[in-house]
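# Coordinates in review
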Amino acid sequence: MSFVEIDILKEQINPFEKIGKEWFLVTAGNMEKFNTMTASWGFMGVIWNKNCAVTVVRPERYTMEFIDNSEYFTMSFFGEDCRDALKFCGAYSGRDCDKMEKTGLIPVEMDKGIGYEQAEMVLVCKKLYAQQMNEESFVAKDVCDTYYKTEGFHVAYYGEVVKAFVKK
């Protein structure tokens, strides 16, 4: 199977389902050196008159180095048949193992980003903005207390969706 570029504006995407329930891989780098991690937090919408997707990454994650040093990142969405691979990519660090070898995921170059042969949809995002979350900015202190007891505050990465691909 191959991928075809689509007009993201013509697609019916439920971001609550795609991001929160199905999860995705956020990937940055190039084919020679990249990293990916599973994410289930993020959002899609319009800001600065651009169609954007946002993902959040904790500073402890190896993927952050790659996003920080890249102009683009991708968000790859999969079917249920890849759930075990997504669980693995969320539980193990690319610092310690070869996630592609362990999961069987096959990376493919997609415009200025990296997707996966097994993905159903890949969004290529041009990084526009990054913001470090911090304790002082939380209005709902219970949210802060619940999610930031032991690990660092996320950085939110806003990316303009410049290309979208689906399986043909």
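Residues numbered from 1 in each chain as written. Predicted model: local features only at pLDDT ≥ 70, side-chain atom pairs only at ≥ 80, totals over all residues. Heavy atoms only, no water.

Bringing the overall build of the chain into the picture now. In terms of helices and strands, the chain carries five helices and ten strands. A compact globule built from 168 residues would reach a C-alpha radius of gyration of about 15 Å, and the chain, at 15 Å, matches this within 12%. Its C-alpha atoms give the chain principal-axis dimensions of roughly 45 × 40 × 30 Å. The long-range share in the chain, meaning contacts at least 24 apart out of those at least 6 apart in sequence, stands at 72%. A total accessible area of about 9,300 Å² is found for the chain, and carbon and sulfur atoms account for 48% of it. Charge-centre separation for the chain: the mean point of 20 positive side chains lies 1 Å from the mean point of 26 negative side chains. (Helix = DSSP H or I, 4+ residues; strand = E, 2+ residues; numbered from the N terminus. Rg over C-alpha atoms; globule rule 2.2 N^0.38 Å. Contact = heavy atoms within 4.5 Å. Areas by Shrake-Rupley, 256 points an atom, 1.4 Å probe, with all protein chains shown as cover. Lys, Arg positive; Asp, Glu negative; His and termini not counted. Charge placed at Lys NZ, Arg CZ, Asp CG, Glu CD.)

With that settled, consider the packing of aromatic side chains. By the definition in use, this model includes eleven aromatic pairs. Aromatic pair Tyr62 and Phe66: ring centres 5.0 Å apart, planes at 90°, arrangement edge-to-face. According to the relative accessible area criterion, Tyr62 is buried, its value standing at 14%. Judged by centre distance (6.2 Å) and plane angle (45°), the rings of Phe138 and Phe153 are tilted. One end of the pair, Phe138, is in the loop between strand E9 (121-132) and helix H5 (141-147); the other, Phe153, is in the loop between H5 and strand E10 (155-167), with 15 residues separating them in the sequence. Considered together, Phe138 and Phe153 belong to a single accessibility category, that of buried residues. An aromatic cluster is present here, built from Trp48, Tyr129 and Tyr158 joined pairwise through their rings. A cation over an aromatic ring shows up here: Arg83 above the ring of Trp23, its NZ or CZ 3.7 Å from the ring centre. (Phe/Tyr/Trp six-rings, centres within 6.5 Å; stacked < 30°, edge-to-face > 60°. Buried < 20%, exposed > 50% of the residue type's maximum accessible area, 1.4 Å probe, protein only. Lys NZ or Arg CZ within 6 Å of the ring centre and 35° of its normal.)

This part covers helix H3 (residues 83-91). Turning to H3, its buried residues are Arg83, Ala85, Leu86, Phe88 and Cys89. Elements that come into contact with the buried residues of H3 comprise helix H1 (15-21), strand E2 (24-30), strand E3 (33-39) and helix H4 (99-103).

Attention now moves to the side chain of Arg58. Mapping Arg58 onto the fold places it in the loop between strand E5 (50-57) and helix H2 (63-68). Using a relative accessible area of 13% as the deciding quantity, one classes Arg58 as buried. Setting aside its immediate chain neighbours within four residues, Arg58 contacts Met64, Tyr147, Tyr148, Glu151, Gly152, Phe153 and His154.

Once that is clear, we can look at the nonpolar core. By size, the foremost hydrophobic cluster in this structure holds 24 residues, and its most contacted members are Phe73, Met75 and Leu123. Going through the elements one at a time, E2, E3, E5, H2, strand E6 (72-77), E9 and E10 are the ones with two or more residues in this core. With five residues, the single largest contributor to this core is E10. If we ignore the near neighbours within four places in the chain, the residues touching Leu123 are Ile8, Met44, Phe73, Thr74, Met75, Phe77, Val161, Lys163 and Ala164. Judged by nonpolar contacts, the second largest core, of 18 residues, contains Ala85, Leu86, Ile114 and Phe165. (Core = buried A, V, L, I, M, F, W, Y, C linked by side-chain atoms within 4.5 Å.)

Below, the discussion takes up a nonpolar patch on the surface. A surface patch of nonpolar side chains, about 340 Å² in accessible area, is lined by Ile47, Trp48, Leu128 and Tyr129. Examined against the element boundaries, Tyr129 turns out to sit in strand E9. (Patch = residues over 30% accessible without salt bridge, like charges linked within 9 Å, V, L, I, M, F, W, Y side chains within 5 Å. Salt bridge = Lys/Arg side-chain N within 4 Å of Asp/Glu carboxyl O.)

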